[in-house]
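# Chains, contacts and geometry: an overview
Here are the chains, one letter per residue:
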Amino acid sequence: MRPPSVRPGTAPPWWLEEALGWEGAPEPAPPLAGGLDVDVAIVGGGFTGLWTALSLREREPSLRVAVLESEVVGWGPSGRNGGFVHGYWSSLARLRDLVGGERALALCRAGDRIVPAIRALCGDDDVWLREGGYLRVSAAPAQDAAVDRSVLAAADLGVPEECVPLDGDAVAARIASPRFRRGAFFRDGATVQPARLARLLRRRALAAGVLLHERTRVVSIRPGRPATLATPAGEVRAAEVVVALNAALAGWPPVASRLTAFGSTIVLTEPVPELLTGLGWTGGESVVDGRSFVHYFRTTPDGRVVMGSGSGPIGRGGAIDDRFWADAGSAARAEAGLRTLLPALADVRVTHAWGGPVDVSADHVPFFGTVPGTRVHYGAGYSGNGVGPSWLGGQVLASLVLGVDDEWTALPLVGRLVPRLPPEPIRHLAGGLVRAASLACEDAEQDGLPAPILTRAVASLPRLVGLPIGVR
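A brief report on the enclosed structure follows. (Residues numbered from 1 in each chain as written. Predicted model: local features only at pLDDT ≥ 70, side-chain atom pairs only at ≥ 80, totals over all residues. Heavy atoms only, no water.)

## Side note on the packing of helix α5 (residues 114–122) against helix α8 (residues 194–207)
Note the following rule: Geometry is summarised by axes, namely lines fitted to C-alpha atoms with helices restricted to the contacting stretch, and by angles between N-to-C directions that run from 0 to 180 degrees. Secondary structure elements are defined from DSSP: runs of H or I of at least 4 residues count as helices, runs of E of at least 2 residues count as strands, and each element is numbered from the N terminus. For any pair of crossing helices, the crossing counts as left-handed if the nearer helix is rotated counterclockwise from the farther one by less than a right angle, and right-handed if it is rotated clockwise. Contacts were defined at the residue level, with two residues in contact if any of their heavy atoms lie within 4.5 Å.
Across the interface, α5 lies against α8 with an axial gap of 11 Å and an inter-helix angle of 60°. Viewed along their axes, α5 and α8 form a crossing whose handedness is left-handed. Touching Ile 118, Leu 121 and Cys 122 of α5 are Leu 197, Leu 200, Leu 201 and Arg 204, all from α8.

Right, here's the structure in full:
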């Protein structure tokens with residue numbers, strides 16, 4: 001595999017650079033200095049934290065709510081992802097296995113409110129919202145099963161319209177590639193510029209009276225009445241605490257046994273609108289292939305292609321280090337995916353690359369709850385699908401803070417039992433071995449070659465014990 005054209009680093013992602021330029025490069029909110037007393041302290045200024053803050057202020061305008069963000073809004077995972085917005089219809093098969101058909105359908109129908117909520121939030125603000133649907137494609141015979149499983153689950157549960165099977169010609173009518181064998185179309189998909197959305201949430205939260213402190217890292221949380229949150233230059237006392245830290249939660253003891261961090265890296269091309277027209281890829285569809293360590297790709301309004309690879313490193317003991325931000329191997333796999341899956345773009349120039357961590361739960365479905373004996377609430381485990389479901393997370397966490405039993409706390413994401421992952425260092429060592437074997441298998445399958453028997457055996461180990469690996 002060739003080295004990437006552009007190596008990712010620790011600089012802000014292109015999404016954030018573009019969003020800040022569009023916004024006029026506002027100054028960050030001031031770091032916390034001294035003491036602060038609030039009703040609710042939210043740790044993390046990404047999608048989940050800001051949606052929670054807005055929901056709380058909307059439901060209880062008298063609440064004093066503070067959001068503490070260690071960098072600036074949009075720097076972390078909320079500004080580094082692919083910008084795919086969808087709910088849970090594409091996860092229906094997995095959800096049915098976990099929670100049963102009726103509860104899975106209830107969650108999917110709740111997710112139908114995500115895109116309208118984002119549309120309502122935007123108003124005249126341009127976050128590049130495009131409602132073009134979501135495609136799952138097979139690029140190798142071994143990937144056919146991922147497509148077929150989605151189609152069969154929707155049909156079995158009486159909602160075939162939510163996962164429409166596409167033969168090769170039907171896929172080609174949406175995006176022409178000789179690599180795509182067949183696919184499935186989900187109508188609930190959309191795309192956004194994720195950092196623009198995060199920055200819009202920031203502005204809406206400030207306008208709603210939320211207190212925001214950027215460049216304020218929370219170094220400890222001491223539960224109590226009130227709870228105490230220590231930062232380098234101050235302290236927050238709060239009756240209720242929400243921890244919304246995405247992959248950084250992999251090192252937080254209350255959830256660490258059920259969560260790990262995976263790396264994901266994106267490459268971005270120069271604008272090539274004429275080539276996209278030639279491919280027929282003009283409908284704005286977001287696309288994912290049938291791998292476990294997926295390729296995910298979409299277009300931008302000026303005709304660029306975003307190609308991501310969820311094949312990065314696995315976390316070690318919950319630490320989020322430079323491996324996640326600067327993984328050249330994942331950037332190379334993303335670029336190779338671009339040129340392999342879309343051969344018409346083989347000579348297109350890659351201009352940017354960036355990476356970051358993904359919070360992956362043991363069963364690839366998020367979970368929400370309250371630390372027993374405290375008023376500290378959390379949500380984690382979006383597993384590569386957080387842009388849309390973070391809106392649901394905000395509603396759930398607001399209800400947990402307010403202590404109400406309602407439609408949000410009744411969702412099967414709340415209070416559920418999540419399998420435990422193996423302890424460290426077994427988790428990291430075994431996970432790395434399985435990751436390498438899985439990548440080798442998937443690369444061989446895409447090239448039409450058989451993987452060695454031993455490699456396939458190692459790659460299958462997690463499925464044998466009921467613990468999937470990969471970001472989807």
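That shown, we press on.
## Brief notes about helix α4 (residues 101–111)
For clarity, the cut-off: Partly exposed residues are those whose accessible area sits between 20% and 50% of the maximum for their type, while under 20% is buried and over 50% is exposed, using a 1.4 Å probe and protein chains only.
What α4 keeps buried is the set Gly 101, Ala 104, Leu 105, Leu 107, Cys 108, Ala 110 and Gly 111. Buried-residue contacts for α4 involve α3 (92–99), α5 and α12 (389–402).

## Describing the pattern of salt bridges
Put simply, the test is: Salt bridge, as applied in this entry: a Lys or Arg side-chain nitrogen positioned within 4 Å of an Asp or Glu carboxyl oxygen.
Taken as a whole, this structure holds 31 salt bridges when the rule is applied. A salt bridge links Arg 149 to Asp 97; its shortest N-O distance comes to 2.4 Å. Taken together, the residues span a long stretch of sequence, with Arg 149 in helix α6 (residues 144–156) and Asp 97 in helix α3 at a distance of 52 residues. Of the charged contacts, one joins Arg 304 and Asp 302 as a salt bridge, the two residues approaching to 3.0 Å between their closest N and O atoms. According to the relative accessible area criterion, Arg 304 is buried, its value standing at 14%. Overlapping salt bridges bring together Glu 23, Asp 125, Arg 199, Arg 202, Arg 203, Arg 204 and Glu 214 as one network.

## Let's talk about the side chain of Thr 231
Within the element layout of this structure, Thr 231 appears in strand β10 (residues 227–231). Contact partners of Thr 231, with chain neighbours within four places excluded, come to Leu 32, Thr 216, Arg 217, Val 218 and Val 219.

## So, the packing of aromatic side chains
Here is the rule: Two rings from Phe, Tyr or Trp (for Trp, the six-membered ring) form a pair when their centres are within 6.5 Å of each other. A pair whose planes differ by under 30 degrees is stacked, one over 60 is edge-to-face, and the rest are tilted.
With the rule as written, the count across this model stands at 15 aromatic pairs. For the ring pair Phe 84 and Tyr 296, a centre distance of 6.0 Å and an interplane angle of 90° mean the geometry is edge-to-face. In this pair, Phe 84 is assigned in strand β3 (residues 84–85) and Tyr 296 in strand β14 (residues 295–299), connecting sequence segments 212 residues apart. Since its relative accessible area comes to 8%, Phe 84 is described here as buried. With relative accessibility at 9%, the residue Tyr 296 sits in the buried group. Measuring from centroid to centroid gives 6.2 Å for Phe 368 and Tyr 382, while their planes differ by 70°, and the two rings are edge-to-face. One end of the pair, Phe 368, is in strand β17 (residues 367–370); the other, Tyr 382, is in the loop between β18 (376–380) and α12, and 14 residues separate them in sequence. Accessibility assignment for this pair places Phe 368 and Tyr 382 in one class, buried.

## Notes on the packing of α3 against α6
Note the following rule: Should an angle lie under 35 degrees it is considered roughly parallel, over 145 roughly antiparallel, and from 65 to 115 roughly perpendicular; all remaining angles are considered oblique. Gly falls in the polar group here, along with every residue not listed as nonpolar (Ala, Val, Leu, Ile, Met, Phe, Trp, Tyr, Cys, Pro) or charged (Asp, Glu, Lys, Arg).
Where α3 meets α6, the axes come as close as 8 Å, and the angle between the chain directions of the two elements is 60°. Here α3 lies oblique to α6, going by the angle between them. Of the residues in α6, those touching α3 at Leu 92, Ala 93, Arg 94, Arg 96 and Asp 97 are Arg 149, Ala 153, Ala 154 and Asp 156. Each residue belonging to the contact of α3 with α6 can be placed in one class, and the counts come to four nonpolar, no polar and five charged.

## A short note on the pairing of β17
Which entries qualify depends on this criterion: Pairing between two strands requires that DSSP report at least two bridges joining them.
Pairing between β17 and β18: four bridges, direction antiparallel. Residue Phe 367 lies in a different strand from β18, and its bridge partner there is Ala 380.

## What about the sheet that holds strand β16 (residues 350–361)?
Strand pairing in a sheet is mediated by backbone hydrogen bonds. Such pairs are either parallel or antiparallel. Taken in spatial order, the eight strands line up as β5-β6-β4-β13-β14-β15-β12-β16 in an open sheet, and their pairing is mixed. Two strands close off the open sheet at either side, each with one partner strand: β5 (164–166) and β16. Ignoring strand direction, the axes of neighbouring strands in this sheet form an average angle of 20°. Relative to strand β15 (residues 305–309), strand β12 (residues 259–269) is paired through four bridges, and the arrangement is antiparallel. Across the sheet, Thr 265 pairs through a bridge with Ser 309, a residue of β15.

## Examining the side chain of Arg 416
Operational definition: Under this definition, polar contacts are N or O atom pairs within 3.5 Å; protein pairs additionally need one hydrogen-donor-capable and one acceptor-capable atom, and for neighbouring residues in sequence, both atoms have to be side-chain atoms.
If you trace the backbone, Arg 416 turns up in the loop between α12 and α13 (426–446). A distance of 2.7 Å separates the side chain of Arg 416 from the side chain of Asp 363, its partner in a polar contact. For Arg 416, the side chain forms a polar contact with the main-chain oxygen of Val 365, separated by 2.5 Å. Among residues more than four places away in sequence, those in contact with Arg 416 are Arg 258, Ser 361, Asp 363, Val 365, Pro 366 and Phe 367.

## Regarding α5
Heads up, the condition is: Of all possible arcs, the one meant is that of the directions from the helix axis to the C-beta atoms.
Within α5, burial applies to Ile 114, Val 115, Ala 117, Ile 118, Leu 121 and Cys 122. What you see down the axis of α5 is that its buried residues fit within an arc of 160°, all on one side. Tucked into the core, α5 has its buried residues touching α2 (47–59), β3, α4, β7 (190–191), α8 and α12. A positive backbone phi angle near 55° is found at Gly 123, which sits one or two residues after α5.

## Structural notes on unusual backbone geometry
Backbone torsion omega between Arg 225 and Pro 226 reads 5°, so that peptide bond is classified as cis. Structurally, Pro 226 can be placed in the loop between β9 (220–222) and β10. Of note, the bond from Glu 424 into Pro 425 is cis; its omega dihedral lies within 30 degrees of zero at 0°. Mapped onto the elements, Pro 425 comes out in the loop between α12 and α13. Even without being glycine, Ala 25 reaches a positive phi, approximately 50°. Counting through the fold element by element, Ala 25 comes out in the loop between α1 (14–23) and β1 (34–43).

That's the geometry; what it means functionally is another story.
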